[in-house]
Amino acid sequence: MRRVEKTRVTALQRREARVRRRCSRPQAARPKHLHTFGESAVENILELSHITKRFPGVIANDDISLGIRRGEIHALVGENGSGKSTLMSIVYGLYRADTGEISFKGAPVQIGEPRTAIELGLGMVFQHFMLVDTLTVAENVILHAEPHSWGFVDYKRAVKAVEELATAYGLRVDARARVADISVGQEQRVEILKALYRQAEVLILDEPTAVLTPQETEELFQVMNNLREQGTTIVFITHKIKEVLAISDRVSVLRRGKLVGTRNTAETGQRELAEMMVGREVLLRVKKEPAKPAETVASVAGLQVRDRRGMPAVKDVSLEVRRGEVLGIAGVEGNGQQELVEAITGLTAPEEGLVLLHGKPIQGLSPMKIKRRGVSYIPEDRHKRGLILEYSVADNLILGLHSDPPFVERYLFRNDRQIKAHAARLVESYDVRPPNPDQIIRTLSGGNQQKVVVAREFSRDPEFLVCSQPTRGLDIGAIEFIHQEIIRQRDQGTGVLLVSAELDEILSLSDRIAVMFDGRIVAVLTIEEADEQRLGYLMLGGDPQQATGELESGVTAK
Amino acid sequence: MELRQSSLSSRNLLVPLGSVVLALLVGAVFVLIAGENPITAYRVLFVESFGSVRSIATTLQRATPLIFTGLGVAFAFRCGLFNIGAEGQLYVGAIVAAIIGVSFGDLPRVIHLPMAVAGGMAAGGIWAAVPGILKAKLGVHEVINTIMMNFVAYYLTDFLVTGPFHGGRWAPETDRVFPTAALERIFLPTRLNSGIILAVVAIAVVYVILWKTKTGYEIRAVGFNPGAAEYGGISVARNMVLAMVISGAVASLAGVEQVLGVHGRFIQRFSPDLGFMGIAVALLGKNHPVGVFFAAVLFGALRTGGAAMDRLTDVPRELIVIIQAMIIMFVAADELIRRLFARRGKA
Ligand SMILES: Nc1ncnc2c1ncn2[C@@H]1O[C@H](COP(=O)(O)OP(=O)(O)OP(=O)(O)O)[C@@H](O)[C@H]1O
Ligand SMILES: [Mg+2]
């Protein structure tokens, strides 16, 4: 169990790290001499051999051998729970492999804790960031590696260093801003800066694009390209094959803890990758019949909602959703979609306007009352809203149903037998892995956590289903599954309101599409009228009239 | 390393036990400074607190009020609330129990005793409800208000016990409660009384509420993640108030037990910081009812044994205070470490 070499690094490596630090701590550019361009292009900077890691009940990594070449962008893909995060956490020293070895720059290393990884020149950006909200960007970047003079932190120098670093790689961010005030996309840049400031030569990005808008993703790719040009090696975890094809040099696929294979990106394609990931052919488009919409199930009229800061976020929105149809809401995130959805589901009180369910007003009712009338809601942030991470899978599966029979008996007491049975049923039919209702949900992979949310909300047999980013962070197999389930709900006569930043998702599921911009619905299109260009144009505030004209003048996509 | 992922239960025990051991080691240094052999001192400490049935009874008697305050604090913690007002809650509970106890002399025991106990609990519950409501409705931090309520409780009981309910004797105390309202002694000559039975019942009830009822599900959900609780149709405000009321009611039983079982009357400022000790007990007991029991017994033992150590060796009883403080520091340091690790969650 207790091994002695826990955090041992060879003397040579330690010296190297020291030299590197001394050379250039506060400077932006990495000293060139360390990038010996003469070296062969296919040298592996990081080499994993026979890595195995078990958790109680699962083999998260099963004998994985993988080489990461210097200077490449190496995509790592695989289904939810296939072991991507675990593998990279081992490299970063957060977990310890049961067996297997890691070499860095040709020499075997023992990475017992992140500090060692950082000293070696590894950096990792997690999906859930770890910044100190109350500190500024610059303070966060230099944390634990502060430039100082006479024992005092030299804040000016820190700001300068951070700014230089940011300019060098095109990471736009205000070094003096407080982290609490910046957007998620910017937070991610701060995390990247943090790694670069510590001279990371290998940068691991765990699902960086899951939280980004398409525009921000575009910018991130630009940064990644800059980094590659300047010699940084990047391991890039993602679920989106499109992104793999767009940015990576090579791609490795994991499935159920095993490495399925590594391909040169140029020599592979969507189909092959999807199949390698899931182990079968994947429907890349949802199969669905045209909708047969019936009467209106839910509608909003003249809705006005203010956001948390008291600014108008939803401005005079009117919409209706009919039984048996999917109404998609397309829009760049932050244009009032979340406030709209929270007003419908009772989490915020609208300032003005009506929310009607079967013609009866429900605005201002408590979330519980609204749920009980047949509204299900998949929230966009499963960690903030959808799940109680410290609860078991079973207990999360009854959130919102917990005070109703059969989960309560004699008015007060939990009926644990029913709760278990309910969980066992849903875990089985939604293929939650591992299929253990007692497992604390925090230890499930992100995708499996999402499946729990979806399973719970669908199991209520809703009349009206509100889905906000329902497939964020999910693998293609799971996305396919959830898309089919949404369509199945629709075909059973549920009205579905779908909010997604993913245009593909909107286009493949919706029957009608409302475009939201700056708190207003600027256009409602039928699926036949909609395509990516036109939606994109409207989402950015384009003139609806003109959008029609452009369409006529021949848009070729689709 | 591996500990980080290993099962929660062993980890949960490891930290409190480790803290106690470390604290005793640090204490040993002070014993040496006092010029005594640590082994001798600790032997006295142990023998005097657990060495005989009688010393065990004394230890349990000392532990009884701490179980109540510890449970109360732990309960609020489970809802994410830091109740440092147990001291005030036990004072109002005690004075109400005393007032009921010195009145209604003609009631039968089956009515009088439950009435005194329930009255004390109600007072403690109401006392804690005030900061609960202020927190739920206005967002005022409960730490500030529970402290303030402590001072109100001190002066209110000062007034009652020196004014309207001042007993026949000169001292600032009420009359003796009627025997029909007393928690009877169950192991003479110690002052162990049937309050310990009440404490065990309270442990069971708190356990059941937290893990076997929908109320507990809601309260813990609010404690873990208010955003998700709200989403799940759980009223955050209502559960915060409820948690404070239950917390205060349980904590006030410490005062009730002291009045009806130990002193037999309300004595002005009788509590040796039982409410504040409850915070330490909850912390060491990991906010778990069973953990609270063992933590309270440990603290009870330290006080029992400490007095004896003071008498029988050269070590002053203040050593106990040092050990208690050390235990709290080590447990709290672990909270810090645990939080640091929780931050770096997985994707
Ligand atoms: N701390 C842990 N305790 C128990 N099991 C764990 C722990 N961490 C991960 N696992 C399990 O190991 C497996 C691999 O998880 P991992 O997080 O590496 O998957 P992933 O490929 O990153 O998935 P996703 O794409 O959903 O993020 C999963 O079955 C997961 O439940
Ligand atoms: Mg992951």
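Parameters and conventions
- Residues numbered from 1 in each chain as written.
- Chains lettered and ligands numbered in written order.
- Predicted model: local features only at pLDDT ≥ 70, side-chain atom pairs only at ≥ 80, totals over all residues.
- Heavy atoms only, no water.
- Helix = DSSP H or I, 4+ residues; strand = E, 2+ residues; numbered from the N terminus.
- Buried < 20%, exposed > 50% of the residue type's maximum accessible area, 1.4 Å probe, protein only.
- Contact = heavy atoms within 4.5 Å.
- Areas by Shrake-Rupley, 256 points an atom, 1.4 Å probe, with all protein chains shown as cover.
- Axes fitted to C-alpha atoms, helices over the stretch in contact; angles between N-to-C directions.
- Parallel < 35°, antiparallel > 145°, perpendicular 65-115°, else oblique.
- Nonpolar A, V, L, I, M, F, W, Y, C, P; charged D, E, K, R; others polar.
- Pairing = 2+ DSSP bridges.
- Expected span 1.5 Å × (residues − 1).
- Arc of directions from axis to C-beta.
- Buried area = accessible area lost by both parts, 1.4 Å probe.
- Salt bridge = Lys/Arg side-chain N within 4 Å of Asp/Glu carboxyl O.
- Polar contact = N/O pair within 3.5 Å; in protein donor to acceptor, adjacent residues only side chain to side chain.
- Domains from an automatic or database assignment.

Chemist: Would you explain the overall build of chain A in this entry?
Modeler: For chain A, the count of helices and strands is 19 helices and 24 strands. Counting across all 558 residues of chain A, residues that qualify as buried make up 56%. Expressed as a percentage of contacts within chain A between residues at least 6 apart in sequence, the contacts between residues at least 24 apart total 68%. Of the roughly 24,200 Å² of accessible surface on chain A, a fraction of 51% belongs to carbon and sulfur atoms.

Chemist: What should I look at first to understand unusual backbone geometry in this one?
Modeler: Both trends apply: most residues other than glycine have a negative phi, and most peptide bonds are in trans. Residues and elements named next belong to chain A. That bond from Pro405 to Pro406 is cis: its omega, 5°, falls within 30 degrees of zero. Assignment of secondary structure puts Pro406 in the loop between helix H13 (393–396) and strand E19 (408–409). A cis amide bond links Arg433 to the next residue, Pro434, at an omega of -5°. As for its position among the elements, Pro434 is in the loop between helix H14 (416–429) and helix H15 (446–458). The residue Gln199 is not glycine, and still its phi comes out positive at about 65°.

Chemist: Even after reading the chapter, I still don't get the packing of helix H5 (residues 155–169) of chain A against helix H6 (residues 184–197) of chain A, so can you show me in this structure?
Modeler: When two helices pack together, their arrangement is captured by the angle between the axes and the distance separating the axes. Residues and elements named next belong to chain A. Direction vectors running N to C along H5 and H6 enclose 105°, while the axes themselves pass 10 Å from each other. On the basis of their axis angle, the class for H5 and H6 is roughly perpendicular. Residue-level contacts link Ala161, Val162, Leu165, Ala166 and Tyr169 of H5 to Leu193, Leu196 and Tyr197 of H6. Residues of the contact of H5 with H6, tallied by class, amount to eight nonpolar, no polar and no charged.

Chemist: Before we go on, may I ask you to explain the sheet that holds strand E6 (residues 122–125) of chain A in this structure?
Modeler: To summarise the sheet geometry, strands pair through backbone hydrogen bonds and adopt either a parallel or an antiparallel arrangement. Residue and element names in this part refer to chain A. Spatial ordering of the open sheet is given by E6-E9-E10-E3-E11-E12, a layout of six strands whose pairing is mixed. Lying at the two open borders of the sheet, with one neighbouring strand each, are E6 and strand E12 (258–264). Pairwise comparison of adjacent strand axes, ignoring direction, gives a mean angle of 15° for this sheet. With five bridges connecting them, strand E3 (residues 73–78) and strand E11 (residues 250–255) associate as parallel partners. The residue of E11 that forms the bridge with Ala75 is Val251. Its contacts with the sheet place helix H2 (residues 84–91) against E3, E6, strand E9 (202–206), strand E10 (233–237) and E11, and it is angled at close to 135° to E3. Of the strands in this sheet, E3, E9 and E10 touch helix H7 (residues 214–229), which is tilted by about 150° from E10.

Chemist: Whenever I open this one, H5 of chain A confuses me. Can you help?
Modeler: Because each turn of an α-helix spans 3.6 residues, side chains separated by three or four positions end up pointing in the same direction. Residues and elements named next belong to chain A. The end-to-end C-alpha distance of H5 is 21 Å, a good match for the 21 Å that 15 residues give at a rise of 1.5 Å each. Every buried residue belonging to H5 is among Ala158, Val159, Ala161, Val162, Leu165, Ala166 and Tyr169, and all of these are buried. Buried residues of H5 fall within an arc of 165° about the axis and therefore sit on the same side. Away from its buried face by more than 90 degrees, H5 exposes Lys156, Lys160 and Thr167. Next to the buried residues of H5 lie helix H4 (137–142), H6 and H7.

Chemist: What am I meant to see in the interface of chain B and chain A here?
Modeler: Quoted interface sizes are often the accessible area lost when the parts come together. Counting from both sides, the interface comprises 29 residues of chain B and, opposite them, 49 residues of chain A. Both sides of the chain B and chain A interface together cover about 3,400 Å² of buried area, and 59% of this is carbon and sulfur. In this structure, the connection of chain B to chain A is made through two salt bridges. Joining chain B to chain A, the criterion identifies 18 residue pairs in polar contact (both at pLDDT 80 or more).

Chemist: Help me out: how do you make sense of the sheet that holds strand E4 (residues 99–104) of chain A in this one?
Modeler: Residue and element names in this part refer to chain A. Taken in spatial order, the four strands make up an open sheet running E2-E1-E4-E5, and their pairing is antiparallel. Edge strands, defined here as strands with exactly one partner in the open sheet, are strand E2 (58–69) and strand E5 (107–109). When strand polarity is set aside, the average angle formed by the axes of neighbouring strands in this sheet is 25°. Examined bridge by bridge, strand E1 (residues 44–55) and E4 share five bridges and lie antiparallel to one another. Each bridged residue has a counterpart across the sheet, and for Glu47 the counterpart in E4 is Ser103.

Chemist: Just to check I follow, could you spell out the domain arrangement of chain A for this structure?
Modeler: Residues and elements named next belong to chain A. Looking at chain A, the domain boundaries give domain 1 (2–276), domain 2 (284–374 + 462–558) and domain 3 (386–460). Listed per partner, the contact involves 15 residues of domain 1 and 13 residues of domain 2. Summing both sides of the interface, domain 1 and domain 2 together bury roughly 1,100 Å²; the carbon and sulfur share of this comes to 52%. We note a salt bridge from Lys242 to Asp504, for which the minimum N-O separation is 2.9 Å. There are three residue pairs in polar contact (both at pLDDT 80 or more) connecting domain 1 and domain 2. Put simply, the parts of the chain that give the side of domain 1 that touches domain 2 at least two residues each are H7, helix H8 (241–247) and helix H9 (270–278). A total of three residues in the side of domain 1 that touches domain 2 trace back to one element, the largest contributor, which is H9. For the side of domain 1 that touches domain 2, the per-class residue count stands at four nonpolar, six polar and five charged.

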